[in-house]
Amino acid sequence: MPDKKIVGFVPEDEILRQKEYIELVRVILSSRAELSSPKAFVHTYGCQGNVSDSERMKGVLSEMGYIFTDNSEEADLILFNTCAVREHAEDRVFGNVGRLKALKEKNKNLIIALCGCMVQQEEVKEKIRKSYSFVDILFGTRVFHKLPEFIYRKLSTGDKVFDITSNSDLIAENMPVHRDGSFKAWLPIMYGCDNFCSYCIVPYVRGRERSRRSEDILCEAKEIVAAGYKEITLLGQNVNSYGKGLDEEIDFSELLKKINDIEGNFIIRFMTSHPKDCSKKLIDTIASCEKVSSHLHLPVQSGNNRVLGMMNRKYTREEYLGLIAYAKAKIPDISLTSDIIVGFPGETYEEFCDTVSLVKEVGYTSLFTFIYSKRNGTKAAALPDEISHKEKTVWFKELTDAQEIIAEKRCREMRGKVYRCLCEGKARNDGEYVGRTSGNVIIEFTSDRDLTGQFCDVKVTDTLTWIVKGELCEE
Ligand code: 5AD
Ligand code: SF4
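The rules behind each value
- Residues numbered from 1 in each chain as written.
- Chains lettered and ligands numbered in written order.
- Predicted model: local features only at pLDDT ≥ 70, side-chain atom pairs only at ≥ 80, totals over all residues.
- Heavy atoms only, no water.
- Helix = DSSP H or I, 4+ residues; strand = E, 2+ residues; numbered from the N terminus.
- Contact = heavy atoms within 4.5 Å.
- Pairing = 2+ DSSP bridges.
- Axes fitted to C-alpha atoms, helices over the stretch in contact; angles between N-to-C directions.
- Near = heavy atom within 4 Å.
- Nonpolar A, V, L, I, M, F, W, Y, C, P; charged D, E, K, R; others polar.
- Salt bridge = Lys/Arg side-chain N within 4 Å of Asp/Glu carboxyl O.
- Buried < 20%, exposed > 50% of the residue type's maximum accessible area, 1.4 Å probe, protein only.
- Polar contact = N/O pair within 3.5 Å; in protein donor to acceptor, adjacent residues only side chain to side chain.
- Parallel < 35°, antiparallel > 145°, perpendicular 65-115°, else oblique.
- Left-handed = near helix turned anticlockwise from the far one by under 90°.
- Areas by Shrake-Rupley, 256 points an atom, 1.4 Å probe, with all protein chains shown as cover.
- Right-handed = clockwise from strand over helix to strand, strands pointing away.

Participant: In this structure, what is going on with the environment of Phe 144? I would like to understand it.
Facilitator: On the secondary structure map, Phe 144 appears in the loop between strand E5 (137–139) and helix H6 (147–157). In this structure the C-alpha to C-alpha distance between Phe 144 and Cys 115, which are 29 residues apart in sequence, comes to 8.0 Å. If sequence neighbours within four positions are ignored, Phe 144 has contacts with Asp 53, Met 57, Asn 81, Cys 115, Gly 116, Phe 139 and Arg 206.

Participant: Teacher, can you tell me more about the sheet that holds strand E7 (residues 184–188) here?
Facilitator: Pairing is parallel in the open sheet, where three strands are placed in the order E7-E10-E11. Both edges of this open sheet fall to E7 and strand E11 (267–271), since each of them pairs with a single strand only. Here the strands of the sheet are splayed against their neighbours by 25° on average, with no regard to which way each runs. Strand direction decides the pairing type here: E7 and strand E10 (residues 231–235), joined by five bridges, are parallel. For Trp 186, the partnering residue across the bridge sits in E10 and is Thr 233. Along the sheet, helix H2 (residues 48–64) makes contact with E7, E10 and E11, crossing E7 at roughly 95°. Against the sheet, helix H9 (residues 252–260) contacts E10 and E11, and its axis sits at roughly 155° relative to E11.

Participant: Help me understand the site of ligand 2, please; the structure alone is not making it clear to me.
Facilitator: Every residue close to ligand 2 is listed here: Cys 193, Asn 195, Phe 196, Cys 197, Tyr 199, Cys 200, Val 202, Pro 203, Gln 237, His 274 and Arg 313. The class makeup of the residues in the shell around ligand 2 is seven nonpolar, three polar and one charged.

Participant: Would you take a moment to explain the pattern of salt bridges for this structure?
Facilitator: One side chain can pair with another of opposite charge once the charged atoms of both are near each other. With the rule as written, the count across this model stands at 41 salt bridges. The closest approach of N and O atoms between Arg 26 and Glu 23, which form a salt bridge, is 2.8 Å. Residue Arg 26 and its partner Glu 23 are located together in helix H1 (residues 12–31), separated by three residues, close to a single helical turn. Glu 444 is paired through a salt bridge with Arg 428; the nearest N and O atoms lie 3.2 Å apart. Of the two residues, Glu 444 is situated in strand E17 (residues 442–446) and Arg 428 in the loop between strand E15 (418–426) and strand E16 (432–437); the sequence distance between them amounts to 16 residues. On the accessibility criterion, Glu 444 (6% relative accessible area) is buried. Residue Arg 428 is classed as exposed on the basis of its relative accessible area, which comes to 71%. Members of the salt-bridge network, linked through shared partners, are Glu 55, Arg 56, Glu 173, Arg 179, Arg 212 and Glu 220.

Participant: Looking at this structure, how should I read the side chain of Asn 238?
Facilitator: Position of Asn 238 among the secondary structure elements: in the loop between E10 and H9. A residue is classified by how much of its surface remains accessible, and Asn 238, at 1% relative accessible area, is buried. Side-chain polar atoms of Asn 238 contact the side chain of Asp 277, separated by 3.0 Å. Once residues within four sequence positions are removed from consideration, Asn 238 is found in contact with Met 190, Asn 195, Glu 209, Thr 272, His 274, Lys 276 and Asp 277.

Participant: What is the right way to look at the packing of helix H10 (residues 280–288) against helix H12 (residues 317–330) in this model?
Facilitator: To characterise two packed helices, one gives the angle between the axes of the helices and the distance between these axes. With their axes 10 Å apart at the nearest point, H10 and H12 run at an angle of 25° to one another. One finds that H10 runs roughly parallel with respect to H12. Crossing handedness for the pair H10 and H12: right-handed. Judged by residue contacts, Lys 280, Ile 283, Asp 284 and Ala 287 of H10 engage Leu 323, Tyr 326, Ala 327 and Lys 330 from H12. Residues of the contact of H10 with H12, tallied by class, amount to five nonpolar, no polar and three charged.

Participant: Explain the sheet that holds E15 here, please?
Facilitator: Across a sheet, paired strands are connected by hydrogen bonds in the backbone, their directions being either parallel or antiparallel. Read around the closed barrel, five strands run E15-E16-E17-E19-E18, paired in mixed fashion. Neighbouring strand axes in the sheet, compared pairwise and without regard to direction, differ in orientation by 50° on average. With five bridges joining them, E15 and strand E18 (residues 455–463) adopt antiparallel strand pairing. Among the inter-strand pairings, Arg 420 is bridged to a residue of E18, identified as Asp 457.

Participant: Whenever I open this one, the site of ligand 1 confuses me. Can you help?
Facilitator: In the vicinity of ligand 1, the residues found are Val 85, Arg 86, Tyr 199, Gln 301, Asp 339, Ile 341, Phe 370, Ile 371, Tyr 372, Ser 373 and Arg 375. The contact in question runs from an oxygen atom of ligand 1 to an N or O atom on the side chain of Arg 86, over 2.9 Å. Gln 301 places a side-chain nitrogen or oxygen 2.7 Å from an oxygen atom of ligand 1. Alone, ligand 1 offers 400 Å² of accessible surface; in the complex the protein occludes 86% of this. Split by residue class, the shell around ligand 1 holds six nonpolar, two polar and three charged.

Participant: Would you mind going over the environment of Asp 457 with me for this structure?
Facilitator: Among the secondary structure elements, Asp 457 is positioned in strand E18. When the C-alpha atoms of Asp 457 and Tyr 191 are compared, they prove to be 36 Å apart, with 266 residues separating the residues in sequence. Those residues in contact with Asp 457, other than ones at most four positions away along the chain, are Val 418, Tyr 419, Arg 420, Glu 471, Leu 472 and Cys 473.

Participant: How should the pairing of E11 be read in this particular structure?
Facilitator: Every regular strand shows the same layout, with side chains that alternate between the two sheet faces. Of all five residues in E11, four are buried, a share of seventy percent or more. Sheet topology note: the E10/E11 ladder contains five bridges and is parallel. Bridged to Leu 234 within E11 is Phe 270. On the question of chirality, the crossover connecting E10 to the parallel E11 by way of H9 is right-handed.

Spelled out as structure tokens, the structure:
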């Protein structure tokens, strides 16, 4: 039985209140000569979910009158949307925040704001408060919609605003969006995660899983298509469990079908799928929906059952391979990709070898590989971890070398075939363009016309390790 807790939404009057703050900030900014055309520098770390959140915050900033700059030196407001998934990501944020001190010294009116997963952690918030006193605004993952109020408070009182409230997991609808791309759009369908994989910080910093209402998603999808976008990527930590807790009977496959039914020339991608919730119904839906790309990103994390158990992944190697076999049978041109963690605490070399053998058996198009990173507060952080980082690096290389051979072979198999792809822009070489196939393979091809943002048919003529080269098939 689906869990029937009802998903909560930020009340409409609270959204209206935030819109009033947008207006108040706009008035303040336009009344200050030195801020006549205020510039904002927004930098996003981490996953596409963060990119999408930043687009919503940029929507708010744009309505306030900010224009966007890629140069932090000329900015009046700097916003870092942070990531906590691995220690390395956090180190980069601390380093980059440290460098902002000099900018603040040059421009006392500069507003420095940090938000997102990393600063949602109490100890990070305290470290920022103590050691990075030039940070003006800090807010977590549950209060993005209050950005207007935070900026207003800072501008009107000069006081710092720190808010990492975590006791409510509400969805905020009807906030403005400023999309970064002109032909590829992100569309969040759910937030948070309830899976508690033992290594992962996400459920702690992002809160409980909650799905947007299908009518809100469909309305946004239609707007995206009407605006001329050619690719929509549906986002969630675990899109396969979409719909749980909603006051309507719907699952991810049904949502996909509804988006597929929207008229227009566009493709649909989605991420991320969790194997435990990836049903045959979903694979059948991918097979039957012509707009859904033939690509399944299905993170396996490990190919060994003991390690999968320790990771709390709730599926076995055999179940995973069963799903893959079903997907390959139903969708012969399916392109499979995955995430893998190397060196989970207690993992032995023999267990790691099971991952390598699974990778070879599946034949992924590409992999996102990570060395395990200890995240305080997670279950895995308490486990003994005896393998040195140096040793894990050797295993990591063994895995990526194995994948390189597979990727090269898969690219070679594409030779001579024609692929419909979305042209994403100019390639490095003059006269060449970059496209992406439905299976998410990058294809470089020559064209005397700029086809950016358009679909085109390209015949693969040559292959490199990870990408292929081709020529345009003229109609
Ligand atoms: N260490 C290393 N990789 C991790 N991931 C998540 N948490 C960790 C961690 N603690 C990886 C997983 C996940 C991807 C987004 O990041 O592979 O699928
Ligand atoms: Fe993290 Fe697992 Fe949730 Fe993915 S499904 S965000 S790996 S806890």
